[in-house]
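Fold and contact review
One letter stands for each residue in the lines below.
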Amino acid sequence: MIKDQIEIVQSRIQAALSRVGRTDPVILIAVTKNHPVSSMRDAINNGIIHVGENKVQEALRKQEEFPDNGATWHLIGHLQTNKAKMAVSHFDLIHSIDSVHVLQAVQHAAAQIQKVQDILLQVNIAREESKFGMTVEDFPEICKLASTLPNVCVRGLMCIAPDMENVEDVRPIFRIAHALYENMKHTFMEGQIQYLSMGMTHDFEIAIEEGANMVRIGTAIFGSRNY
Ligand SMILES: *Cc1c(COP(=O)(O)O)cnc(C)c1O
């Protein structure tokens, strides 16, 4: 079941890439939040390398229960600064750096364990009040600040598009995200900015058509979540 769903998602990714003539790879992050470790195990046994969780505690529980998972761990949900220390010791890439406050907390926590933490900067392009993320206006300034911090390494940009009735309506949001992503490359060292994380179950094909190279997919792989 999960195996089939992964195959379907992979072929939809390939189809979206070929529609726009892209041949570069897209990283598929299987979003395991609210799903049991057995589902994560199943996904990893069927080729998944990247897993995404939106809560630090839930990820820690799963890492304890499944220690030899071999996966690359992505934190995709808002990070409370009092959990920064745990986040830096348990995640490979933190997508949800959504304010200067969180950025500085992660810098501080990473310095304490002498780690350079890979991060993405989360931008709230549609200015949704219900979502975290820095504004497009603040973004260049925060990039500049981040480039001076020794224990974080900015690897790209993350965004969550609004839930639109007509999914085509998110395309302009993804287009802005892509432009910001290309632009931020000038602020950092050559080759450092590599990941444009956008696209979820309902909109990942449009995100890929607009340049995403990291997609975060839960429902299309694991089915709907029980809260
Ligand atoms: C839950 C979540 C996803 C996955 O959502 P699906 O619609 O189930 O694919 C992706 N990104 C973030 C930030 C999430 O919180």
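The name that an unreviewed UniProt entry assigns to the chain is Pyridoxal phosphate homeostasis protein, with the source organism given as Megasphaera hutchinsoni. Per UniProt, the comment on the chain under Cofactor (unreviewed entry) is "pyridoxal 5'-phosphate". UniProt's Function (unreviewed entry) comment on the chain is quoted here verbatim: "Pyridoxal 5'-phosphate (PLP)-binding protein, which is involved in PLP homeostasis."

Brief notes about the overall build of the chain
Tallying secondary structure elements over the chain gives nine helices and eight strands in all. Taken against the 2.2 N^0.38 rule, which gives 17 Å for 227 residues, the C-alpha radius of gyration of the chain at 17 Å falls within 12% of a compact globule. Its C-alpha atoms give the chain principal-axis dimensions of roughly 45 × 40 × 35 Å. For the chain, the residues scored as buried account for 52% of the 227 residues in total. For the chain, the share of sequence-separated contacts (at least 6 apart) that also reach a separation of at least 24 residues comes to 62%. Accessible surface, the chain: about 10,800 Å² in total, of which carbon and sulfur atoms supply 50%. On the chain, the mean spot of the 21 positive side-chain charges and the mean spot of the 27 negative ones are 3 Å from each other.

Digging into the packing of aromatic side chains
On inspection of all chains with the given rule, the structure shows zero aromatic pairs. Over the ring of Phe-66 we find Arg-41; its NZ or CZ atom is 4.1 Å from the centre of that ring.

Remarks on the site of the ligand
By nearness alone, every residue bordering the ligand is listed as Val-31, Lys-33, Ile-76, Ile-160, Met-200, Thr-201, Arg-216, Ile-217, Gly-218, Thr-219 and Arg-225. Arg-216 has a polar side-chain atom sitting 2.8 Å from a nitrogen atom of the ligand. Between an oxygen atom of the ligand and a side-chain N or O atom of Thr-219, the distance comes to 2.5 Å. Burial of the ligand by the protein chains amounts to 91% of its free accessible area of 390 Å². Looking at the shell around the ligand residue by residue, the class counts come to five nonpolar, three polar and three charged.

A closer look at the side chain of His-50
Within the fold, His-50 resides in strand 2 (residues 50-53). Taking the relative accessible area as the measure of exposure, His-50 reaches 17% and is therefore buried. Polar contacts involving the side chain of His-50 include one to the side chain of His-74, which spans 2.8 Å.

Overview of the environment of Thr-201
If you trace the backbone, Thr-201 turns up in the loop between strand 7 (195-197) and helix 8 (204-209). Other than its neighbours up to four places away in sequence, Thr-201 contacts Arg-12, Arg-216, Ile-217, Gly-218, Thr-219 and Ala-220. Within the structure, Thr-201 has its side chain in polar contact with the backbone nitrogen of Thr-219 (distance 3.4 Å).

Considering unusual backbone geometry
Although it is not a glycine, Asn-34 sits at a positive phi angle of roughly 60°. When its relative accessible area of 27% is taken as the criterion, Asn-34 is described as partly exposed. Backbone geometry places Arg-127, a non-glycine residue, at a positive phi of 55°. Given a relative accessible area of 53%, Arg-127 falls into the exposed group.

Some thoughts on helix 2 (residues 37-45)
Listing the buried residues of helix 2 in full gives Val-37, Ser-39, Met-40, Ala-43 and Ile-44. The buried residues of helix 2 all sit within an arc of 155° when viewed along its axis, so they share a single face. Considering only its buried residues, helix 2 is in contact with helix 1 (2-19), strand 2, helix 3 (56-65), strand 3 (72-75) and helix 9 (219-222). Looking at the residues trailing helix 2, positive phi occurs at Gly-47, about 100°.

Criteria and thresholds
Residues numbered from 1 in each chain as written. Predicted model: local features only at pLDDT ≥ 70, side-chain atom pairs only at ≥ 80, totals over all residues. Heavy atoms only, no water. UniProt positions renumbered as here; feature names shortened; annotations may be inferred. Helix = DSSP H or I, 4+ residues; strand = E, 2+ residues; numbered from the N terminus. Rg over C-alpha atoms; globule rule 2.2 N^0.38 Å. Buried < 20%, exposed > 50% of the residue type's maximum accessible area, 1.4 Å probe, protein only. Contact = heavy atoms within 4.5 Å. Areas by Shrake-Rupley, 256 points an atom, 1.4 Å probe, with all protein chains shown as cover. Lys, Arg positive; Asp, Glu negative; His and termini not counted. Charge placed at Lys NZ, Arg CZ, Asp CG, Glu CD. Phe/Tyr/Trp six-rings, centres within 6.5 Å; stacked < 30°, edge-to-face > 60°. Lys NZ or Arg CZ within 6 Å of the ring centre and 35° of its normal. Near = heavy atom within 4 Å. Polar contact = N/O pair within 3.5 Å; in protein donor to acceptor, adjacent residues only side chain to side chain. Nonpolar A, V, L, I, M, F, W, Y, C, P; charged D, E, K, R; others polar. Arc of directions from axis to C-beta.

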